Amino acid sequence: MPPKSRSIRTQAIILSRRDFGEADRLLTLLTPAHGKLRAIAKGARKPNAKLSGHVELFARSDCLLRQGRNLAILTQAELIEPYLGLRDDLQRGAYASYAAELLDRFTADDEEAAGGLFALLDDTLARIANSHDPRLATRFYELALLDLVGFKPELSECVITRQPLLPEAQFFSSDEGGVVSRAGLARSRSYTLPIELDTLKLLRHLQRNAVNYADVESLRLSADEHGRAERLMLAYIAHLLEGRLASAAFLAGLRSEDGRK
């Protein structure tokens, strides 16, 4: 039996990076076949380093990795898709940071069956970079990601009574993982948030079309509509992760400076 190759050639999206040692970078990479990998880009911080322009944050590159004892070593990289819209707009870049951090927090290293996650993030970064509404692309991404990682919120029936929901304002329980009807509220012991009917309809629409963004990209939402959906999703995600994402707080600060909700 031939020995297992210690080299991997793969496309990868750079989820995060930080300085390592005197001139290296430590990268977190998402790959379609090998899941999430940690890799050292040796010398990437040196002036005129061959790797430096090819390992940009939230970019997709073709990478050659050598498997080390604890970390992979990035030996070659060629930038394929920089998602240029993320570089020219601070807010779009912040949404990309949120998308990457969210996926990083919900996945373990070397996770199997990462192809769906890779495709979703690749598509999402392109939408955030180019679409008319990066906030809508982000809500769509959240629901699709939660479905893939096993935390899909229940939006069609009451999580307490298991009865279909009436067309009226409801409540949402992060503990229970979904919507609580007025009838179920009396039986629920968990903390709930009110959810208006229009917000519930929006989230249902996004969830039903989680594999086809073309069916939702024509939506035009007000700042208030966006705000209500975002507050609910961020509360649920913070509950699942037992803490708020740093990128979500940064986004909120950016919108506050711009006078947006």
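Throughout what follows, the structure given in this document is the object of discussion. What you see is a predicted model, and the numbers here were worked out from it, not measured in a lab.

### A short note on helix α4 (residues 134-148)
Part 1: The terminal C-alpha atoms of α4 lie 21 Å apart, and with 15 residues this matches the ideal 21 Å at 1.5 Å per residue to within 8%.
Part 2: Taking burial as the measure, the 15 residues of α4 include 13 buried ones, the bulk of the element.
Part 3: Within two residues after α4, G150 carries a phi angle of roughly 90°, on the positive side.

### Some remarks on the environment of V55
Part 1: By the secondary structure assignment, V55 is in the loop between β3 (35-41) and β4 (60-67).
Part 2: Judged by relative accessible area, which is 1%, V55 ranks as buried.
Part 3: Along the backbone, V55 and L29 are 26 residues apart, and their C-alpha atoms lie at a distance of 9.8 Å.
Part 4: Beyond its immediate chain neighbours, meaning those up to four positions away, V55 contacts I14, R17, L27, L74 and A77.

### Section: the environment of Y213
Part 1: Mapping Y213 onto the fold places it in the loop between α6 (197-208) and α7 (223-241).
Part 2: By relative accessible area, which is 5% here, Y213 ends up buried.
Part 3: Taking the C-alpha atoms as reference, Y213 lies 8.2 Å from A137; in sequence the two are 76 residues apart.
Part 4: At a separation of 3.5 Å, a polar atom in the side chain of Y213 contacts the main-chain amide nitrogen of A137.

Definitions and cut-offs
Residues numbered from 1 in each chain as written. Predicted model: local features only at pLDDT ≥ 70, side-chain atom pairs only at ≥ 80, totals over all residues. Heavy atoms only, no water. Helix = DSSP H or I, 4+ residues; strand = E, 2+ residues; numbered from the N terminus. Expected span 1.5 Å × (residues − 1). Buried < 20%, exposed > 50% of the residue type's maximum accessible area, 1.4 Å probe, protein only. Contact = heavy atoms within 4.5 Å. Polar contact = N/O pair within 3.5 Å; in protein donor to acceptor, adjacent residues only side chain to side chain.

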